Amino acid sequence: MSIESTVLMDMDAPVETSVTMQEYLVFISDELRYVVSAANVIEIITNLSITHMPKVPDYIKGIINLRGQVIPIIDIRLRMYRSPVEYDEECCIIVINMNDVFVGLLVEKVSHVVNIDEENISQPPANKKQELVSGIVNLDNDVYLILDCEKLIQF
């Protein structure tokens, strides 16, 4: 005689998980993959004229007027102490909001959105730590540098 048992799951019951996933926007700069939290991204802009400002650090390319709001634009390459480049048609501005401070990041290319488990984020190597990188994650054999946006907006 055989006895079979069936376990039915309540599909409406909450399922607890220890995974802490967050969405990040991936952008390319100097052939490196950087990510910013998608929660901070307001929009991505192309073909917008930047008004240059005198007597500002070289990494501040100027300002834009976005629907009546003046937003400073940071050239991410120059902010990361890289050499300047001529931007092409793939370049764009990522507008982020950090603690009600709006800033535009001028980047070479926006790539895609990834989900990152916070448990997989490592600290940058101590001897090569960049001041604006808060973490590193390896996904599908690609390395992503997590941009510390709070430090980034400290002019």
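Above this text you will find the structure in question.
Here we summarise the structure given alongside this text. As the structure is a prediction and not an experimental result, all values here were calculated from the model. (Residues numbered from 1 in each chain as written. Predicted model: local features only at pLDDT ≥ 70, side-chain atom pairs only at ≥ 80, totals over all residues. Heavy atoms only, no water.)

## Considering the pairing of strand β10 (residues 142–147)
Pairing between strand β2 (residues 32–37) and β10: three bridges, direction parallel. Paired with Tyr34 across the strands is Leu145, a residue of β10. In this sheet, β10 lies alongside strand β9 (residues 133–139) in antiparallel orientation, the contact comprising six bridges. The residue bridging Ile136 from the neighbouring strand is Leu145, located in β10. (Pairing = 2+ DSSP bridges. Helix = DSSP H or I, 4+ residues; strand = E, 2+ residues; numbered from the N terminus.)

## Quick word on the nonpolar core
One finds Phe27, Leu105 and Leu147 to be the most contacted residues of the largest nonpolar core, which totals 24 residues. At the level of elements, β1 (21–29), β2, α1 (76–79), β6 (92–98), β7 (101–107), β10 and α2 (149–152) are the ones that each hand at least two residues to this core. Looking at which element gives the most residues to this core, the answer is β6, with four residues. Among all residues touching Phe27, those that are not within four sequence positions of it are Leu32, Arg33, Tyr34, Val36, Ile76, Ile94, Val107, Lys109, Val110, Ser111 and Leu147. (Core = buried A, V, L, I, M, F, W, Y, C linked by side-chain atoms within 4.5 Å. Buried < 20%, exposed > 50% of the residue type's maximum accessible area, 1.4 Å probe, protein only. Contact = heavy atoms within 4.5 Å.)

## Here's the deal with the side chain of Asn97
Relative to the assigned elements, Asn97 resides in strand β6. Within the structure, Asn97 has its side chain in polar contact with the backbone nitrogen of Asp100 (distance 2.9 Å). With residues up to four places along the chain from it excluded, the contact list for Asn97 reads Asn40, Ile42 and Phe102. (Polar contact = N/O pair within 3.5 Å; in protein donor to acceptor, adjacent residues only side chain to side chain.)

## Considerations on the state of the cysteines
A complete count under the given rule lists zero disulfides for this structure. There is no disulfide at Cys92, and the cysteine sulfur nearest it, in Cys91, is 6.8 Å away. (Disulfide = S-S within 2.5 Å.)

## Quick look at the packing of aromatic side chains
The relation between two aromatic rings is expressed through the spacing of the ring centres and the mutual angle of the planes. Enumeration over the complete set of coordinates arrives at one aromatic pair. Consider the rings of Phe27 and Tyr34, whose centres lie 5.6 Å apart with planes at 15°: the pair is stacked. Geometry around Tyr59 places Arg79 over its ring, the cationic atom sitting 4.6 Å from the centre. (Phe/Tyr/Trp six-rings, centres within 6.5 Å; stacked < 30°, edge-to-face > 60°. Lys NZ or Arg CZ within 6 Å of the ring centre and 35° of its normal.)

## Thoughts on the sheet that holds β6
Spatially, β3-β6-β7-β5-β4 is the arrangement adopted by the five strands of the open sheet, whose pairing is mixed. Two strands lie at the open edges of the sheet, namely β3 (41–45) and β4 (60–66), each paired on one side alone. This sheet shows a mean twist of 30° between the axes of neighbouring strands, independent of strand direction. Here strand β5 (residues 69–75) runs beside β7; their pairing, made up of three bridges, is parallel. The partner of Ile74 across the bridge, within β7, is Leu105. (Axes fitted to C-alpha atoms, helices over the stretch in contact; angles between N-to-C directions.)

## Here we look at the environment of Met53
Among the secondary structure elements, Met53 is positioned in the loop between β3 and β4. Residue class for Met53 comes out partly exposed when judged on its relative accessible area of 39%. On a C-alpha basis, the gap between Met53 and Pro72 in space is 9.6 Å, while along the polypeptide they are 19 residues apart. With residues near it in sequence (within four places) discarded, Met53 still touches Gly62 and Ile63.

## What to know about the pattern of salt bridges
For the structure on display, the rule yields five salt bridges. Ionic pairing is found between Glu43 and Arg67, a salt bridge with its closest N-O pair at 2.2 Å. Of the two residues, Glu43 is situated in strand β3 and Arg67 in the loop between β4 and β5; the sequence distance between them amounts to 24 residues. Connected through shared salt-bridge partners, Asp30, Arg77, Arg82 and Glu108 make up one network. (Salt bridge = Lys/Arg side-chain N within 4 Å of Asp/Glu carboxyl O.)

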